[in-house]
Amino acid sequence: MNIDLRELYQDVILDHSKHPRNFGPADGAYRHVKGNNPLCGDRVEVHLKITDGTIEDARFEGRGCAISLASASLMTELLKGRNEAEARALFAQFRELLTAKGPVDLARYADIDRLAALSGVRDYPMRVKCATLAWHAMNAALEGKDEEVRTE
Ligand code: ZN
């Protein structure tokens, strides 16, 4: 990875962890699922408002490391207006990016946009749990579950 790209990625992660988007509680019109990553101490709660199969709004709250917060923040931005199948496809793509072995062609992951900033965590399996925590909670919310999601 070249230096410019690395700096850009760090800026995205810092920005979204310090100033998370769509952050805060949501009312009963939303589905709510908590995620808990005890290895790192990350706790997030994802709120999804789904109307006719489309994610009308996505919010989250909680606390954790920069990776977990930036991932959750970027996720909420990406999910709005997507249908459930699209949301699952984005998660699949993000997981693939985070677990890929060898060099990655980032152009293949254009759909997940700035989440590519988190691609560096693939060298650190512990951090992959941080990066996917909010996504696992989102996935459970799509399935209509409401029990806490744990990374282990
Ligand atoms: Zn973490």
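Above this note sits the structure.
Conventions we followed
Residues numbered from 1 in each chain as written. Predicted model: local features only at pLDDT ≥ 70, side-chain atom pairs only at ≥ 80, totals over all residues. Heavy atoms only, no water. Helix = DSSP H or I, 4+ residues; strand = E, 2+ residues; numbered from the N terminus. Buried < 20%, exposed > 50% of the residue type's maximum accessible area, 1.4 Å probe, protein only. Pairing = 2+ DSSP bridges. Contact = heavy atoms within 4.5 Å. Axes fitted to C-alpha atoms, helices over the stretch in contact; angles between N-to-C directions. Expected span 1.5 Å × (residues − 1).

1. Some thoughts on unusual backbone geometry
Right, so step 1: A positive phi angle is found at D52, which is not glycine, with a value near 50°.
Right, so step 2: Assignment of secondary structure puts D52 in the loop between strand 2 (42–51) and strand 3 (54–63).
Right, so step 3: When its relative accessible area of 79% is taken as the criterion, D52 is described as exposed.
Right, so step 4: A positive phi angle, close to 55°, is found at D113, a residue other than glycine.
Right, so step 5: Within the secondary structure, D113 sits in the loop between helix 3 (84–99) and helix 4 (125–142).
Right, so step 6: On the basis of relative accessibility, which here comes to 44%, the residue D113 falls in the partly exposed class.

2. Observations regarding the sheet that holds strand 4 (residues 149–150)
For sheets, the rule is that strands pair by backbone hydrogen bonds, running either parallel or antiparallel.
Right, so step 1: Spatially, 3-2-1-4 is the arrangement adopted by the 4 strands of the open sheet, whose pairing is mixed. Where the open sheet ends on each side, the last strands, each with one partner, are strand 3 and strand 4.
Right, so step 2: Along the sheet, helix 2 (residues 66–79) contacts strand 2 and strand 3; its crossing angle with strand 3, the most-contacted strand, is approximately 165°.

3. Brief notes about helix 2
Right, so step 1: In this model helix 2 runs 20 Å from its N-terminal to its C-terminal C-alpha over 14 residues, within 8% of the 20 Å that 1.5 Å per residue would give.
Right, so step 2: Buried residues dominate helix 2, accounting for 12 of its 14 residues.
Right, so step 3: Within helix 2 the residues assigned to the buried category are I67, S68, L69, A70, S71, A72, S73, L74, M75, T76, L78 and L79.
Right, so step 4: In the stretch just after helix 2, G81 is the one whose phi turns positive, near 85°.

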